[in-house]
Structures are given as C-alpha cells and as structure tokens.
Amino acid sequence: GTADNWLADGGAIVISQNTVTVESGSSSCEVTWTSQDNQYLTSDPFGVTAGVEINTNFWVYDNDVAGRARLCVIYEGADNYYGDYSVDMAEWQQLSYAAPVPDGATSATFQIRFYDISAEWDGDATVIVDNVVFEGNTAIYPEPTNYPTDFAAAAAGLTIDLSWTESAGAQL
C-alpha cells in the first residue's frame, strides 16, 4: 500500500496495514525490506524557520534481528539529524528528536530509515511503525503579568455587547 504524504523509496521496501500489532488506535504500518541497501519512508518536504523548535517522533516495534529503524530529519541548507537506531525487542519503543531548526535550513523532510544487520541478514527484515508525529513551533510562550480586566456585558436585544480592558505590561 501507500501512505498519504509519504514516499517509500529504496527499491526493495513494502509497506502494508497491520491491525494486530499496534501501539495505539486500530492499525499500524508494517514495513518489510528485502535488500541490504538502505530503504526509506520519507515525508513530503515542509517549510522550516531557523531557531524554531521542532519535535518529531514515532513508535517502532522491532522484533527482527535482521533489521533496524532510525529517525532522521533531512534539512535543505543545513546539517541533517541522524538519530539512534531501534533495538531488537518484543515491545514498542519510541524514537524522538526535539531541537531548534538549524541556521540556514529552509525546508526539511522527516525520514525513517531502515537498515540491515549484516551478521543476522536472512533475506528480509520487518518492523512495525505507528504514531508518527511532527510538531513545529513547540515553544511555550510566557503569560503576561496581568490579564484583561473590567469585563462588562450589556443586553442589546437578542445579542450581548461585551467590553473589557486589555492586558498590558511585561511577560512573566
């Protein structure tokens, strides 16, 4: 099958819906590859702004000694991020990255890379991916030192006229 806004690439990768092994919800994405060359699931490109925090993560069920998954963020105009590899185990694990967009970056793609483990290669590898998340601008902005005041409401026929004094001052 295919996934919206994703490209399965590398020449030897098959993705399919899995309704048995899921981290949450009703289905996940089963990924099988039959080559020792790297295989990829790559998102459509998206615009980024240097200095703005991004957060990417996904869950992977890697219970196949022959392969591993890895989270990557591929930036246009800046150095890429290559994360840790998944670990072979019979449970879900989350791979994640959170950091400001590097200087010079103008766009990015989120990528899940799939690798072989040469010593264990038996002709194919399968992992299951679920709950892929990308969040931009995850900064928490401070609250103002005061809040709107002097709320007033007056009936005006079938409507209400509202008024208030805006907050002013520095941020906490």
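Residues numbered from 1 in each chain as written. Predicted model: local features only at pLDDT ≥ 70, side-chain atom pairs only at ≥ 80, totals over all residues. Heavy atoms only, no water.

Asks: Can you explain the overall build of the protein? Please cite residues and give values.
Replies: The secondary structure content of the protein amounts to zero helices and 13 strands. In sequence order, the secondary structure elements of the protein are arranged as β-β-β-β-β-β-β-β-β-β-β-β-β. Per-residue burial for the protein yields a buried fraction of 33% across its 172 residues. When contacts within the protein are restricted to residue pairs at least 6 apart in sequence, long-range pairs at least 24 apart make up 73% of them. Put simply, the protein shows about 9900 Å² of open surface, and 50% of that area lies on carbon and sulfur atoms. (Helix = DSSP H or I, 4+ residues; strand = E, 2+ residues; numbered from the N terminus. Buried < 20%, exposed > 50% of the residue type's maximum accessible area, 1.4 Å probe, protein only. Contact = heavy atoms within 4.5 Å. Areas by Shrake-Rupley, 256 points an atom, 1.4 Å probe, with all protein chains shown as cover.)

Asks: Please provide a residue-by-residue account of unusual backbone geometry, values included.
Replies: A positive phi angle is found at N131, which is not glycine, with a value near 55 degrees. Along the chain, N131 falls in strand β11 (residues 125–136).

Asks: Help me get a handle on the sheet that holds strand β6 (residues 53–61), residues and values and all.
Replies: In space, the five strands of this open sheet follow the order β2-β3-β11-β6-β9, with antiparallel pairing throughout. Since the sheet does not close on itself, it has two edges, and those belong to β2 (13–18) and β9 (92–100), each with one partner. Strand-to-strand twist of the sheet, defined as the mean angle between neighbouring strand axes without regard to direction, takes the value 30 degrees. Note: β2 against strand β3 (residues 28–33), six bridges, orientation antiparallel. Each residue of the ladder has a partner; that of S16, found in β3, is E30. (Pairing = 2+ DSSP bridges. Axes fitted to C-alpha atoms, helices over the stretch in contact; angles between N-to-C directions.)

Asks: Please set out the packing of aromatic side chains residue by residue, giving values where relevant.
Replies: Within this structure, the stated rule accounts for seven aromatic pairs. A network of ring pairs unites the aromatic residues W6, F58 and F110 as a single cluster. (Phe/Tyr/Trp six-rings, centres within 6.5 Å; stacked < 30°, edge-to-face > 60°.)

Asks: With reference to specific residues and values, describe the pairing of β3.
Replies: Counting buried positions along β3 gives five out of six residues, so the element sits mostly inside the fold. Note: β3 against β11, five bridges, orientation antiparallel. Counterpart to T32 in the pairing with β11 is T126.

Asks: Describe in detail the pattern of salt bridges, supporting the description with residues and values.
Replies: Per the stated rule, a full pass over the model turns up one salt bridge. For the salt bridge of D62 with R68, the shortest nitrogen-to-oxygen distance reads 3.3 Å. (Salt bridge = Lys/Arg side-chain N within 4 Å of Asp/Glu carboxyl O.)

Asks: Before we move on, can you summarise the side chain of T109 with the specific residues and values?
Replies: Relative to the helices and strands, T109 is located in strand β10 (residues 107–116). With residues near it in sequence (within four places) discarded, T109 still touches T42, S43, D44, P45, F46, C72, V73 and I74.

Asks: Please set out the side chain of T56 residue by residue, giving values where relevant.
Replies: Position of T56 relative to the elements: it lies in strand β6. Non-local contacts of T56, meaning those with residues more than four positions away in its chain, are made with L71, V73, L95, S96, Y97, F110, V133 and F134.

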